[in-house]
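# Close look at the chain arrangement
Spelled out, the chains give:
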Amino acid sequence: MQSDTRQSVVIVGAGQAGLAAAGAVRAAGGEPVLLEAGSEPVGSWPHFYDSLTLFSPARFSALPGVGFPGDPDRYPRRDEVVDYLRDYAKRLELDIRYGQQVEQVAQTAGGFVVRTAGGLEVSAGRVIAASGGFGTPYRPRIPALEGFGGRVLHAADYRGPGPFAGQRVVVVGAGNSAIQIAIELAEGARVTIASRHPIRFLPQRVAGRDMHFWLTATRLDTAGWARRLLTGGAGTPVFDTGSYAAAIAAGNPDRRPMFVRAAGSSLTFADGQREHVDTVLLATGYRPAVGYLAALGALDKHGLPRHHGGVSSTHAGLGYVGLEWQRSFCSATLRGVGRDAAHVVRQLHRPARR
């Protein structure tokens, strides 16, 4: 088994969360080691659908210290984000160990030891789990879908509309990805958006400014109490210039409450209408891939981190960066992850000072 010398901080993951965490550690005077399962510092971005477009402008879509290149008012596409992350890692000249899938984090007398599938062991006084909130596609149990004989996919399996041309497709979900995918599919397929709650739209621009300007200027998206205000208790709102709402109002795609049962290749909706459906696409989000912390006892019964604002509530010296709603509406975004990373690093250093 390979062994490495003790490092002050080990960061698991080198996507946007890991890079932000590394920048914060560096700013605090440390030299982190990043363990990345993949071959590049780009996280999950290359695996999202081809047409994915950020709902925040480039000026609000950057990690600390390096602005997003190009027109600051445009909405970057997936591949632009990938290029940006590559450049960010290159600028920071970080110690990133690629091809190192972390399997376990164990506690020791002096901190932690991080073990990878390749046999590497790295000891550290502190560990930051920055594998993000999008590592594992979330496929909720939907009793009404049991017995469905058609194809069931997750948004993680979706790349583009080509394979779905001419099909009857039901997209389950009401978030930004669900709406983007459904609108794109509707150009060549008959599409319904099925969701438990109505879609909540927020205007993309108000008084000539992008909504993210107002969220930042008012500090609303970083206020702890703002979650219910922004979500209405029913999920993340969809930012819209008006085109999404207009397409749905025109019925292409249409939106309906969740279907109530399935039989063969048919779904029955709440109004009793029964239809043949070729594909159900679950745009139901993701869960953090933090199974390597299970044996440590740092996760709850659902496999989610037990933390307060990204600081572990079970183990001193353990932190998280990149979780959805970790501290705010923008915690899992390019513009918010840096702020959370700085907070977590400050908190993790406090025990050492005491």
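Presented here is an overview of the structure given in this document. (Residues numbered from 1 in each chain as written. Predicted model: local features only at pLDDT ≥ 70, side-chain atom pairs only at ≥ 80, totals over all residues. Heavy atoms only, no water.)

### Topic: the pairing of strand β6 (residues 121-129)
Heads up, the condition is: Classification of residues uses two cut-offs on accessible area relative to the type maximum, computed with a 1.4 Å probe and protein chains only: under 20% is buried, over 50% is exposed, and between them is partly exposed. Secondary structure elements are defined from DSSP: runs of H or I of at least 4 residues count as helices, runs of E of at least 2 residues count as strands, and each element is numbered from the N terminus. We call two strands paired when DSSP finds no fewer than two bridges between them.
The buried count for β6 comes to seven of nine residues, which makes it a mostly enclosed element. Direction of pairing for strand β5 (residues 111-116) relative to β6: antiparallel, over a ladder of four bridges. Within the sheet, the bridge partner assigned to F112 lies in β6 and is A124. Between the end of β5 and the start of β6, which pair antiparallel, lie four residues, with G119 showing a positive phi angle near 95 degrees. Two elements, β6 and strand β23 (residues 318-320), share three bridges in a ladder whose sense is parallel. Its bridge partner being in β23, V127 is matched across the sheet by L318.

### A few points about empty space enclosed by the protein
What counts here: In this analysis, the protein atoms alone were mapped onto a 1 Å grid. Cavities are point sets where a 1.4 Å probe fits without being able to get out; pockets are open sets with protein on both sides within 12 Å along at least five of seven lines; lining residues have an atom within 4 Å of a point. Grid points are joined across faces, edges and corners, and a volume is the space filled by probe spheres set on the points. We call Asp, Glu, Lys and Arg charged. Ala, Val, Leu, Ile, Met, Phe, Trp, Tyr, Cys and Pro are nonpolar, and the rest, Gly among them, are polar.
If you walk through the whole model with that rule in mind, you get one cavity of 30 Å³ or more. By volume, the largest cavity is sized at about 40 Å³. The wall of the largest cavity is formed by F55, S56, H212, F329, C330, T333 and R335. Its residues assigned to classes, the lining of the largest cavity comprises three nonpolar, three polar and one charged.

### Some thoughts on the sheet that holds strand β16 (residues 261-263)
The line we're drawing: Between N-to-C directions, angles span 0 to 180 degrees; the directions come from axes that are lines fitted to C-alpha atoms, helices contributing only their stretch in contact.
Taken in spatial order, the three strands make up an open sheet running β16-β17-β18, and their pairing is antiparallel. Of all strands in the sheet, those with a lone pairing partner are β16 and β18 (274-276), marking the two edges. Sheet twist, expressed as the mean angle between neighbouring strand axes with direction ignored, is 25 degrees. In terms of strand pairing, strand β17 (residues 266-268) meets β18 through three bridges, oriented antiparallel. In the sheet register, S266 faces β18, and the bridge partner there is H276.

### What about the layout of surface pockets?
There is about 170 Å³ of room inside the second largest pocket. Lining of the second largest pocket is provided by T53, L54, F55, Y75, N176, Q180, Q204, F239, D240, T241, S243 and Y244. Contributing elements (two or more residues each) for the lining of the second largest pocket: α3 (176-185), β14 (238-240) and α6 (243-249). Residues of the lining of the second largest pocket, tallied by class, amount to five nonpolar, six polar and one charged.

Limitation: the analysis is restricted to geometry and does not speak to function.
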